[in-house]
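# Remarks on the overall topology
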Amino acid sequence: MVYWNPIEVMPIPELKALQLKRLKMLVYKLYTFSPLYRQRMREAGVTPEDVQGLDDVRRLPFMTKRDLRDGYPDKLFLASPREVVRYHASSGTTGKPTIVGYTRNDIDSWSESVARGLVSAGVGPDDVLQVCYTYGLFSGGLGLHYGAEKVGAAVVPASTGNTERQIDLIRDLNVTVIASTPSYLLHIGEVAERMGVSIERDTQLRLGILGAEPWSDRMRDRIHERLGIKAVDIYGTSELSGPLWCECSEQKGMHVWGDMTLVEVLDPATGEPVPPGEKGELVVTMLEKEAFPIVRYRTGDVTTLTEEVCACGRTHPRIGRIQGRVDDMIVVRGINVFPSQVEHCLMTDPEVGNEFQIVVERRGALDTMLVKVELRPEAFGDRLFELDAIKDRLAHRLRDSLNVGVSVEIVEPGSLPRFEGKAKRVIDKRVY
Ligand code: DLL
């Protein structure tokens, strides 16, 4: 096995001992140097001496997005401005963003985390990696950039936009790996087709490092079938640093580097851990961050956790696909619906294109859910007279899988909005 750092295969008992040592240190540091954390810990009735085992992390108070927003711009910073070498900001759509600062060490360990993930997915110095995440305050572009440079790949910092130029670069610079949102990669595939470029035949592209938005195994299959490339999932949030954990070439969950992080997966209602492999909210403690410490941050993302050693030999815990957000879950007539379920259902149908949109409205007291679906251009052209049958088939399938009435509207290929960054799939028109 090729790995970046021998710590990736550290025996589990040693890894846990290291985590405990770092957790104790972190709590001591925060209690001593951060008035805000000290106050929060006092309110929770916990002192550094109370942290004797890894499970004692559960005695520490949670941090929420709101806590971070209230800290705007730098109340949660532990490092002085002099020690900070970079800022990023969360992509908050409402209100103030969360500003995240990084010391030199923070940037190093973030890059280390990305480098380990890239190597585990099979990226190395022979690769040319095009970064199509936005560069700027968004952490995706520079996060991937630093990790890829660290492993010695040649980086093409293309950022987002100008899709035709992106395709020229992929072809002309012999790009082998692309890092982008899954929806943007599919868009690149569509534009390439229109330009008469076959990603599979005319380029060297073989691997996608895809994340920053929910996607599914069906979408992975599609990317493989249509573009001929392997795709791995990558996850992170700006509050934690940015993109951090990635699937290895086994594609069986994302490796969370335990020497830097402690993860919990909890029942969002009770705050208690769910059994291994069951769905719950991801809660993260960053063990070594200097400028912007994070303790028990409730990400709002729904996933699963396993501590089994991976087939690749890495011993660190893994999280499964992000299956939705605690707060993105739409409740339609009392039934919980995640956009990822809709995507999964649609993408299994060979005639369905890559784009869909969910529109939820309230008629009188009743919620209605409409799924607008693009067909693949071939299917749309050939089967125009059968659209009703396709529509009924999809509505039926969605109803069976979601347990809620859904109507389907077939729309022309290319008519739904395309996204260079994160896709927005749900339009909720209900007034609360
Ligand atoms: O999206 C960081 C990132 C950049 C991750 C590039 C991966 C690649 P934020 O803008 O703060 O940071 O958004 C974080 O995006 O809480 C999830 O809801 C969602 N998200 C990120 N990665 C995935 C993924 C970046 N692989 C929020 N699958 C998170 C599903 C994801 N959702």
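A brief report on the enclosed structure follows. (Residues numbered from 1 in each chain as written. Predicted model: local features only at pLDDT ≥ 70, side-chain atom pairs only at ≥ 80, totals over all residues. Heavy atoms only, no water.)

## Some remarks on the overall build of the protein chain
- Looking only at helices and strands, the protein chain features 12 helices and 21 strands.
- Relative to the 2.2 N^0.38 estimate, which gives 22 Å for 432 residues, the radius of gyration of the protein chain is 22 Å and therefore close to what a compact globule would have.
- If you line up the protein chain on its principal axes, its C-alpha atoms span 70 × 55 × 40 Å.
- Looking at the protein chain residue by residue over its 432 residues, the buried ones come to 54%.
- Sequence-distant contacts in the protein chain: of pairs separated by 6 or more residues, those separated by 24 or more amount to 66%.
- For the protein chain, the accessible surface area stands at approximately 18900 Å², while carbon and sulfur atoms represent 51% of it.
- Mean positive and mean negative side-chain charge positions of the protein chain (55 and 62 charges, respectively) differ by 4 Å. (Helix = DSSP H or I, 4+ residues; strand = E, 2+ residues; numbered from the N terminus. Rg over C-alpha atoms; globule rule 2.2 N^0.38 Å. Buried < 20%, exposed > 50% of the residue type's maximum accessible area, 1.4 Å probe, protein only. Contact = heavy atoms within 4.5 Å. Areas by Shrake-Rupley, 256 points an atom, 1.4 Å probe, with all protein chains shown as cover. Lys, Arg positive; Asp, Glu negative; His and termini not counted. Charge placed at Lys NZ, Arg CZ, Asp CG, Glu CD.)

## Overview of the nonpolar core
- Ranked by size, the top nonpolar core spans 69 residues in total, and within it Leu-23, Val-123, Leu-129, Leu-144, Ile-209, Trp-245 and Ile-319 carry the most contacts.
- For Leu-129, the contacting residues outside a window of four places in its chain are Leu-118, Val-123, Ala-148, Ala-153, Ala-154, Val-155, Val-156, Val-177 and Ala-179.
- Counting residues in each nonpolar core, the second largest holds 28 residues, with Ile-330, Val-352, Ile-390 and Val-426 among its members. (Core = buried A, V, L, I, M, F, W, Y, C linked by side-chain atoms within 4.5 Å.)

## What to know about the site of the ligand
- Within the structure, the ligand sits among 20 residues, and Asp-233, Ile-234, Ser-238, Asp-301 and Lys-422 are positioned closest to it.
- In the environment of the ligand, a nitrogen atom lies 2.8 Å from a nitrogen or oxygen atom belonging to the side chain of Asp-233.
- With respect to the ligand, the backbone of Ile-234 contributes an N or O atom lying 2.7 Å from a nitrogen atom.
- If the ligand stood free it would expose 610 Å²; the protein chains cover 93% of that surface.
- Listed by contribution, the elements that provide at least two residues to the shell around the ligand are helix H5 (139-150) and strand E7 (230-237).
- Among the elements that take part in the shell around the ligand, E7 stands out by supplying five residues, more than any other.
- Class assignment of the residues belonging to the shell around the ligand gives a composition of eight nonpolar, seven polar and five charged. (Near = heavy atom within 4 Å. Polar contact = N/O pair within 3.5 Å; in protein donor to acceptor, adjacent residues only side chain to side chain. Nonpolar A, V, L, I, M, F, W, Y, C, P; charged D, E, K, R; others polar.)

## Some details on the packing of aromatic side chains
- In total, this model carries four aromatic pairs according to the counting rule given.
- Ring centres of Phe-77 and Phe-292 lie 5.8 Å apart, and the angle between their planes is 80°; on these two criteria the pair is classed as edge-to-face. Of this pair, Phe-77 sits in the loop between helix H3 (65-70) and strand E1 (84-89) while Phe-292 sits in the loop between strand E11 (280-286) and strand E12 (297-303), and the two are 215 residues apart along the sequence.
- Its relative accessible area of 14% is what places Phe-77 among the buried residues.
- Its guanidinium or amino end placed over the ring of Phe-62, Arg-298 lies 4.5 Å from that ring's centre, counting from NZ or CZ.
- One Lys or Arg, Arg-321, reaches over the ring of Trp-215 and ends 4.3 Å from the middle of that ring. (Phe/Tyr/Trp six-rings, centres within 6.5 Å; stacked < 30°, edge-to-face > 60°. Lys NZ or Arg CZ within 6 Å of the ring centre and 35° of its normal.)

## Regarding the sheet that holds strand E19 (residues 366-375)
- Strand order across the open sheet formed by four strands is E20-E19-E18-E21, with mixed pairing between neighbours. Only two strands of the sheet have a single partner each, and these edge strands are strand E20 (407-411) and strand E21 (426-428). Averaged over all adjacent pairs, the angle separating strand axes in this sheet is 20°, with direction ignored.
- As paired strands, E19 and E20 are joined by five bridges and run parallel to one another. Counterpart to Val-371 in the pairing with E20 is Val-408. (Pairing = 2+ DSSP bridges. Axes fitted to C-alpha atoms, helices over the stretch in contact; angles between N-to-C directions.)

## Considering the side chain of His-255
- Along the chain, His-255 turns up in strand E9 (residues 254-255).
- For His-255, a relative accessible area of 0% corresponds to the buried category.
- Discounting residues that sit within four places of it in the chain, His-255 has contacts with Trp-245, Cys-246, Cys-248, Cys-310, Cys-312, Arg-314, His-316, Pro-317 and Arg-318.

## As for the packing of helix H9 (residues 217-227) against helix H10 (residues 339-347)
- Relative orientation of the contacting elements H9 and H10 amounts to 40°, with a least axis distance of 8 Å. In terms of orientation, H9 and H10 fall into the oblique class. Across the interface between the two elements, Arg-218, Met-219 and Arg-222 from H9 touch Glu-343, His-344, Leu-346 and Met-347 from H10.
- For the contact of H9 with H10, a count of residues per class yields three nonpolar, one polar and three charged. (Parallel < 35°, antiparallel > 145°, perpendicular 65-115°, else oblique.)

## Some thoughts on helix H4 (residues 104-120)
- Taking 1.5 Å per residue, 17 residues should reach 24 Å; H4 reaches 24 Å between its end C-alpha atoms and fits that length.
- In terms of burial, H4 is a largely internal element, 13 of the 17 residues being buried.
- Note on H4: the residue one or two positions beyond its end, Gly-122, has a positive phi of about 100°. (Expected span 1.5 Å × (residues − 1).)

## Considering the environment of Tyr-3
- Within the secondary structure, Tyr-3 sits in the segment before helix H1 (12-33).
- In this structure Tyr-3 comes out as partly exposed when scored by relative accessible area, which is 35%.
- Sequence separation between Tyr-3 and Ser-120 is 117 residues; the distance between their C-alpha atoms is 6.2 Å.
- The contacts of Tyr-3, once residues within four sequence positions are left out, are Glu-8, Val-9, Val-119 and Arg-314.

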